[in-house]
Amino acid sequence: MENPRIRRLEAFPVKHQGREMVALRDPQGYMTDVAVISPAAYFIAALCDGTRSLRDIQAAYVRRFGDIITTEQLAGILRRLDEQLILDGPAFRKAKEARDREYLILPNRPMTLAGRSYPAHPRELADFLGRLLGSAGAGEDEGGLPLGVVSPHIDPERGWRCYAETYACLARSRPLTRPLVVVLGTCHGEMEGRFALTSKNYLTPLGLVETDAAMAEELARAAGMDGFGDELSHRSEHSIEMQLPLLAAAFGGVDRF
């Protein structure tokens, strides 16, 4: 902690208990909740780029606020930031190792958005998806599956119209055989490589969506990847999860694709 480093987090202003504060959110999901810190603590955290010493941070604090911060006070703030997993420090590394290990041994990816971005109860979700697809305009039979579609990955309340038209098109061209669907989803967290694969099946409120693990492994070998690359980026990433209930509605069930 001689040269502390902040992790890559999303920061945005909030009002908490009548005070102007800064909220930090973790795209990688290691922080289970949003952390709320004071503007002064955020100023200190933002200085933690791995190159500044504690003395450098103290000097910058004095220049910014015109007030002295002692070494003990600074150490206390950094300790709390470490405990909140805001810094890339001992607490975060210990938590990361444990959570990574827990996730990698799972055969199925848990849901992260059920009950938040879409209903978690199967019947409620089925009704919701039925209304969504039913709101689409009456289109013509596409004469077979399209080669690809572009779909949003925003929450359905805001992406309703786009989701409806996209997946109604798939529903109209529903094949008799079980198709292989390749879902390319953007990643909002950190990745070292250009893409990542996974062999995990996906859990949804409607049941289990099966992943073609053999194809994923073949692609990984062909790409010369170590395992599946940044597979951990799938853990909390929502861009693929958002599509799966909609695909189930379009194709008539989680076991139909």
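Report on the accompanying structure. (Residues numbered from 1 in each chain as written. Predicted model: local features only at pLDDT ≥ 70, side-chain atom pairs only at ≥ 80, totals over all residues. Heavy atoms only, no water.)

**Comments concerning the nonpolar core**
Stage number 1. One finds Ile37, Ile44, Leu74, Leu78, Leu81 and Ile86 to be the most contacted residues of the largest nonpolar core, which totals 26 residues.
Stage number 2. Those elements giving two or more residues to this core turn out to be strand E2 (19-25), strand E3 (35-37), helix H1 (39-47), helix H2 (54-65), helix H3 (71-83) and helix H4 (90-104).
Stage number 3. Those residues in contact with Ile37 that sit more than four places away from it in its chain are Met21, Val22, Leu24, Tyr42, Leu81, Gln84 and Ile86. (Core = buried A, V, L, I, M, F, W, Y, C linked by side-chain atoms within 4.5 Å. Buried < 20%, exposed > 50% of the residue type's maximum accessible area, 1.4 Å probe, protein only. Helix = DSSP H or I, 4+ residues; strand = E, 2+ residues; numbered from the N terminus. Contact = heavy atoms within 4.5 Å.)

**Topic: the sheet that holds E2**
Stage number 1. The strand order across the open sheet built from three strands is E1-E2-E3, with neighbouring strands paired in antiparallel fashion. Pairing within the sheet leaves two strands with one partner each, and these edge strands are strand E1 (10-16) and E3. Averaged over all pairs of adjacent strands, the angle between their axes in this sheet comes to 35 degrees, without regard to strand direction.
Stage number 2. Sheet topology note: the E2/E3 ladder contains three bridges and is antiparallel. In the sheet register, Leu24 faces E3, and the bridge partner there is Ala35.
Stage number 3. The strands touched by H1 within the sheet are E1, E2 and E3, with E2 carrying the most contacts at an inclination of about 40 degrees. (Pairing = 2+ DSSP bridges. Axes fitted to C-alpha atoms, helices over the stretch in contact; angles between N-to-C directions.)

**Some points on the environment of Met111**
Stage number 1. Within the element layout of this structure, Met111 appears in the loop between strand E4 (108-109) and helix H5 (122-134).
Stage number 2. C-alpha separation for the pair Met111 and Gly148, spaced 37 residues apart in sequence, amounts to 25 Å.
Stage number 3. Every residue in contact with Met111, bar those within four places of it in the chain, is listed here: Tyr118, Leu203, Thr204, Pro205 and Glu241.

**A look at a nonpolar patch on the surface**
Stage number 1. There is a patch of nonpolar side chains on the surface, built from Leu180, Val182, Leu184, Met215 and Leu219 and spanning about 530 Å² of accessible area.
Stage number 2. If you trace the backbone, Leu180 turns up in the loop between helix H6 (156-172) and strand E5 (201-204). (Patch = residues over 30% accessible without salt bridge, like charges linked within 9 Å, V, L, I, M, F, W, Y side chains within 5 Å. Areas by Shrake-Rupley, 256 points an atom, 1.4 Å probe, with all protein chains shown as cover. Salt bridge = Lys/Arg side-chain N within 4 Å of Asp/Glu carboxyl O.)

**Quick word on the environment of Cys162**
Stage number 1. Here Cys162 is to be found in helix H6.
Stage number 2. Spatially, the C-alpha atom of Cys162 lies 41 Å from that of Leu47, the residues being 115 residues apart in sequence.

**Observations concerning the packing of aromatic side chains**
Geometry of an aromatic ring pair is reported as the spacing of the ring centres plus the angle between the planes.
Stage number 1. Counting across every chain of the model gives five aromatic pairs.
Stage number 2. Their ring planes at 90 degrees and their centres at 5.4 Å tell us that Tyr30 and Phe92 sit as a pair that is edge-to-face. Of this pair, Tyr30 sits in the loop between E2 and E3 while Phe92 sits in helix H4, placing them 62 residues apart in sequence. Across this residue pair, the class does not change: Tyr30 and Phe92 are buried.
Stage number 3. Seen in terms of ring centroids, Phe128 and Trp160 are 5.5 Å apart; in terms of plane orientation they differ by 80 degrees. Their pairing is edge-to-face. Of this pair, Phe128 sits in helix H5 while Trp160 sits in helix H6; the two residues are 32 residues apart in sequence, bridging distant segments of the chain.
Stage number 4. Its relative accessible area of 8% is what places Phe128 among the buried residues.
Stage number 5. Here a set of aromatic residues connected by ring pairs shows up, and it is made of Phe43, Tyr61 and Phe65.
Stage number 6. In this structure, Lys200 is placed above the aromatic ring of Tyr103, and the distance from its NZ or CZ to the ring centre is 5.0 Å.
Stage number 7. Here the basic side chain of Arg235 rests over the ring of Tyr103, its NZ or CZ set 5.7 Å away from the ring centre. (Phe/Tyr/Trp six-rings, centres within 6.5 Å; stacked < 30°, edge-to-face > 60°. Lys NZ or Arg CZ within 6 Å of the ring centre and 35° of its normal.)

**Comments concerning the pattern of salt bridges**
Stage number 1. All chains considered together, the criterion is met by 12 salt bridges.
Stage number 2. The partner of Arg93 in a salt bridge is Asp88, and the shortest N-O contact between them spans 3.3 Å.
Stage number 3. Take Asp88: its relative accessible area is 27%, and that puts it in the partly exposed class.
Stage number 4. As a salt-bridge pair, Arg161 and Glu165 come within 3.8 Å of each other at their nearest N and O atoms. Taken as a pair, Arg161 and Glu165 lie in helix H6 at a separation of four residues, close to a single helical turn.
Stage number 5. On the basis of relative accessible area, Glu165 is assigned to the partly exposed category, the value being 32%.
Stage number 6. Among the charged side chains, a network of salt bridges with common partners joins Lys96, Asp100 and Arg235.

**Re the side chain of Gln58**
Stage number 1. Here Gln58 shows up in helix H2.
Stage number 2. Its relative accessible area of 17% is what places Gln58 among the buried residues.

**Regarding unusual backbone geometry**
Stage number 1. Although it is not a glycine, Gln17 sits at a positive phi angle of roughly 50 degrees.
Stage number 2. Along the chain, Gln17 turns up in the loop between E1 and E2.
Stage number 3. One non-glycine residue with positive phi stands out, namely Leu85, at about 65 degrees.

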